[in-house]
Amino acid sequence: KFIPLFERNGFISELDFYNLEHVMKYQKARRAAGLPIVPISVNQSRYHMQEQGYLARMEALVTRYGTDGVELELTETAFELATREQRENALTVVTALHELGFRIDMDDFGSGYSALTLLDALPLDVMKLDRSLLLASENSDRMKSVLARMTDLGHALGMTVICEGIETEAQEQMLIACGCEHGQGYLYGKPMPQEEFAHFLENHL
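Residues numbered from 1 in each chain as written. Predicted model: local features only at pLDDT ≥ 70, side-chain atom pairs only at ≥ 80, totals over all residues. Heavy atoms only, no water.

1. A word on the sheet that holds strand 3 (residues 103–109)
Thinking step 1. Strand order in this open sheet of six strands is 1-2-3-4-5-6, and the pairing throughout is parallel. Each edge of the open sheet carries a strand with a single partner, namely strand 1 (40–43) and strand 6 (182–183).
Thinking step 2. Where strand 5 (residues 160–163) lies against strand 6, two bridges are found, and the strand directions are parallel. Bridging from a neighbouring strand, Cys163 pairs with Gly183 of strand 6. (Pairing = 2+ DSSP bridges. Helix = DSSP H or I, 4+ residues; strand = E, 2+ residues; numbered from the N terminus.)

Put into structure tokens, the structure is as follows:
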């Protein structure tokens, strides 16, 4: 409910930077302690695609913390911009982020209509299949075929494919049968405080 408000008044930028620095600092501390890390993805608002000084702030964070274990998550709405110049600038920004060492995730893939063209234009590392595809595939062989082909497409492009919103073992088995080897959802864990997350990693890595 508050994200649209923050996007209108510009505070979304500070919220994103707060979350990102928190994650980068956490990953650096685990590396320094010799602890294993797992990738953590951080949402980036479409606001950043036109934000003055965004890349400079990102470069400063990379210099301080590094990018190992940190992914930036974008949705295709980040590129639904008014002018061609704005869209081209957004593509330039994402390419620069990739060159800084961030892995780039396309979130909610399959929920819109422009994502296929973005697969060619952007340096994407991870395709995150929208949960709506998973739910539609549970009772439809046709949608299950779509899910499998989208997974194949991601792999053919050299991307890691992750399905969102997995809540049951039956859903997990269906995804495995479709060739999708990564997933996220309540079946594996729910949002938790940082300290609890550290214990979670100890028990599962």
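Having seen the structure, we can now continue with the description.
2. A few points about the nonpolar core
Thinking step 1. One finds Phe79, Phe102 and Leu129 to be the most contacted residues of the largest nonpolar core, which totals 46 residues.
Thinking step 2. Those residues in contact with Leu129, other than ones at most four positions away along the chain, are Phe109, Leu147, Met150, Thr151, Val161, Ile162, Cys163 and Glu164. (Core = buried A, V, L, I, M, F, W, Y, C linked by side-chain atoms within 4.5 Å. Buried < 20%, exposed > 50% of the residue type's maximum accessible area, 1.4 Å probe, protein only. Contact = heavy atoms within 4.5 Å.)

3. Some points on unusual backbone geometry
Thinking step 1. The backbone of Asp108 shows a phi angle near 55 degrees, a positive value even though the residue is not glycine.
Thinking step 2. Looking at the secondary structure, you find Asp108 in strand 3.

4. So, the pairing of strand 3
Thinking step 1. Burial within strand 3 is extensive, with five of its seven residues counted as buried.
Thinking step 2. Where strand 2 (residues 70–75) and strand 3 come together, five bridges link them in parallel fashion. Across the sheet, Glu71 pairs through a bridge with Arg103, a residue of strand 3.

5. Considerations on the environment of Pro123
Thinking step 1. Note that Pro123 resides in the loop between helix 5 (115–121) and strand 4 (126–129).
Thinking step 2. Once residues within four sequence positions are removed from consideration, Pro123 is found in contact with Val94, Thr95, His98 and Ile104.

6. Looking at the environment of Phe11
Thinking step 1. Within the secondary structure, Phe11 sits in the loop between helix 1 (3–9) and helix 2 (12–32).
Thinking step 2. Spatially, the C-alpha atoms of Phe11 and Asn139 are 41 Å apart, while their sequence positions differ by 128 residues.

7. Quick word on the side chain of Glu164
Thinking step 1. If you trace the backbone, Glu164 turns up in the loop between strand 5 and helix 8 (169–177).
Thinking step 2. For Glu164, which is buried and forms no salt bridge, the nearest opposite charge comes from Lys128, at a distance of 4.1 Å. (Lys, Arg positive; Asp, Glu negative; His and termini not counted. Salt bridge = Lys/Arg side-chain N within 4 Å of Asp/Glu carboxyl O.)

8. Here's the deal with the environment of Met150
Thinking step 1. One can find Met150 in helix 7 (residues 141–156).
Thinking step 2. On the accessibility criterion, Met150 (15% relative accessible area) is buried.
Thinking step 3. Counting along the chain gives 30 residues from Met150 to Cys180, while the straight-line C-alpha distance between them is 9.5 Å.
Thinking step 4. Residues in contact with Met150, not counting those within four places in the same chain, are Phe109, Gly110, Met127, Leu129 and Leu133.

9. Comments concerning the side chain of Ser137
Thinking step 1. Counting through the fold element by element, Ser137 comes out in helix 6 (residues 131–137).
Thinking step 2. Since its relative accessible area comes to 0%, Ser137 is described here as buried.
Thinking step 3. Among the polar contacts listed, one links the side chain of Ser137 to the backbone oxygen of Met143, at a separation of 3.1 Å.
Thinking step 4. Contacts of Ser137, omitting those with residues within four sequence positions, involve Met143, Lys144, Leu147 and Met174. (Polar contact = N/O pair within 3.5 Å; in protein donor to acceptor, adjacent residues only side chain to side chain.)

10. Notes on the pairing of strand 4
Thinking step 1. The two faces of strand 4 match: Val126 and Lys128 on one face and Met127 and Leu129 on the other face are all buried.
Thinking step 2. Across three bridges, the pairing between strand 3 and strand 4 is parallel. Among the inter-strand pairings, Phe109 is bridged to a residue of strand 4, identified as Leu129.
Thinking step 3. Direction of pairing for strand 4 relative to strand 5: parallel, over a ladder of four bridges. From the neighbouring strand, Val126 faces strand 5, where its bridge partner is Thr160.

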